[in-house]
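Next come the chains, spelled out residue by residue.
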Amino acid sequence: MARLPRFVIPGQPQHVILRGNNRSEIFCADADYHFYLEKLQLACKAHSCDLHAYVLMTNHVHLLITPHTEQGLSKAMQKVGRYYVQYFNYCYQRTGTLWEGRYKATLIDSESYLLTCMRYIELNPVRAGMVAHPSDYRWSSYHYNALGQPDMLMTPHLEYRRLGKRVGERQAAYCQLFKHRIPNDNLNAIREATNKAWVLGNDRFKQRIQKKLDRRVEPKPKGGDRRSEKYRINRV
């Protein structure tokens, strides 16, 4: 069965996950992280993609990225992936694939989920028990978004810029968001949508995307239509 094309709308952000094959390590030394980020910056620039948040874990990568062309994201991911595999195989004297298949991605409703998804990404090391606070982890965009440290990869999204008129106001407001836990419903929604390549957003957003792309954007309800008279009768 042929794989369906990913949901892509130029100008709409995507949450991307790329994992190491069999969950194996893809970053073993500081130089590896630096190389990946360098190539990611070049790929985003070459293929018109804006990066809003990221975290590089030992065996996978999370990105929040907006492509501005239909093929921009796939070309950027292909470019950085190819560069990094060549580098990694050379450095560690190995051959073969590094990645666990294609990257996973979901189209994001920026109004409802963008800031939550940014927090989800930057809190990954905390959920993994690696650090107590996202500021303690070196390889994420938290240092840019919350603390104002320079990062040439980053392009603030409109929803982030709306947090304040001045840069310092935005950073302070963003820090405040981390004082509240992400509700489990939102965590599950992000995971489900990204791992299964569905659209992440409210019902109005999903309806708009479905109409625009003429494709189903979420799984069918399990167990039939619970609101229908036929379903209720059949349960008796």
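Small disclaimer: the values here were computed from a predicted structure and weren't measured.

1. Brief notes about the pairing of strand β3 (residues 60–67)
In the case of a regular strand, side chains alternate between the two sheet surfaces.
Then comes step 1: For β3, the buried fraction is high: 8 of the 8 residues fall into the buried class.
Then comes step 2: Side chains His60, His62, Leu64 and Thr66 project from β3 onto one buried face, and the interleaved Val61, Leu63, Ile65 and Pro67 project onto a second face that is buried too.
Then comes step 3: Relative to β3, strand β1 (residues 14–19) runs antiparallel, the two sharing 6 bridges. The residue bridging glutamine 14 from the neighbouring strand is isoleucine 65, located in β3.
Then comes step 4: Summarising the sheet, strand β2 (residues 49–56) and β3 pair through 7 bridges and their orientation is antiparallel. Bridged to leucine 56 within β3 is valine 61.
Then comes step 5: Taking the residues that link successive antiparallel strands as the turn, the β2-β3 hairpin has 3 residues.

2. Concerning the packing of aromatic side chains
Then comes step 1: Taken as a whole, this structure holds 14 aromatic pairs when the rule is applied.
Then comes step 2: Where phenylalanine 27 meets tyrosine 36, the ring centres are 5.6 Å apart and the plane angle is 90 degrees; that geometry is what we call edge-to-face.
Then comes step 3: Among the residues examined, phenylalanine 27 registers a relative accessible area of 2% and is labelled buried.
Then comes step 4: An angle of 40 degrees between the planes, with centres 5.6 Å apart, marks the rings of tyrosine 84 and tyrosine 87 as tilted. Of the two residues, tyrosine 84 and tyrosine 87 are both situated in helix α2 (residues 72–91); the distance of 3 residues between them amounts to about one turn of the helix.
Then comes step 5: What makes tyrosine 84 buried here is its relative accessible area of 1%.
Then comes step 6: Since its relative accessible area comes to 16%, tyrosine 87 is described here as buried.
Then comes step 7: Here the aromatic cluster, defined as three or more aromatic residues joined through ring pairs, consists of Phe27, Tyr33, Phe35, Tyr36, Tyr84, Tyr87, Phe88, Tyr92, Trp99 and Trp139.
Then comes step 8: Across the ring face of tyrosine 103, the terminal group of arginine 6 is positioned such that the distance to the ring centre comes to 3.6 Å.
Then comes step 9: Stacked on the ring of tyrosine 83, the Lys or Arg lysine 39 has its end atom at 4.7 Å from the ring centre.

3. With respect to the sheet that holds strand β4 (residues 104–107)
Then comes step 1: Taken together, 4 strands build an open sheet; the order of strands is β2-β3-β1-β4 and the sheet is antiparallel. Two strands lie at the open edges of the sheet, namely β2 and β4, each paired on one side alone. Along the sheet, successive strands turn relative to each other by an average axial angle of 20 degrees, direction set aside.

4. Thoughts on the nonpolar core
Then comes step 1: The biggest cluster of nonpolar side chains holds 58 residues, and the ones touching the most others in it are Tyr36, Leu56 and Tyr84.
Then comes step 2: Residue assignment for this core shows that the elements contributing at least two residues are β1, α1 (30–46), β2, β3, α2, α3 (110–122) and α8 (184–196).
Then comes step 3: In terms of residue count, α2 provides more of this core than any other element does, 8 residues in total.
Then comes step 4: Other than its neighbours up to four places away in sequence, leucine 56 contacts Phe27, Tyr33, Tyr36, Leu37, Val61, Tyr137 and Trp139.
Then comes step 5: If you look at the next biggest cluster of nonpolar residues, it comprises 7 residues, including Leu107, Val199, Phe205 and Val217.

What counts, and where the lines are drawn
Residues numbered from 1 in each chain as written. Predicted model: local features only at pLDDT ≥ 70, side-chain atom pairs only at ≥ 80, totals over all residues. Heavy atoms only, no water. Buried < 20%, exposed > 50% of the residue type's maximum accessible area, 1.4 Å probe, protein only. Helix = DSSP H or I, 4+ residues; strand = E, 2+ residues; numbered from the N terminus. Pairing = 2+ DSSP bridges. Phe/Tyr/Trp six-rings, centres within 6.5 Å; stacked < 30°, edge-to-face > 60°. Lys NZ or Arg CZ within 6 Å of the ring centre and 35° of its normal. Axes fitted to C-alpha atoms, helices over the stretch in contact; angles between N-to-C directions. Core = buried A, V, L, I, M, F, W, Y, C linked by side-chain atoms within 4.5 Å. Contact = heavy atoms within 4.5 Å.

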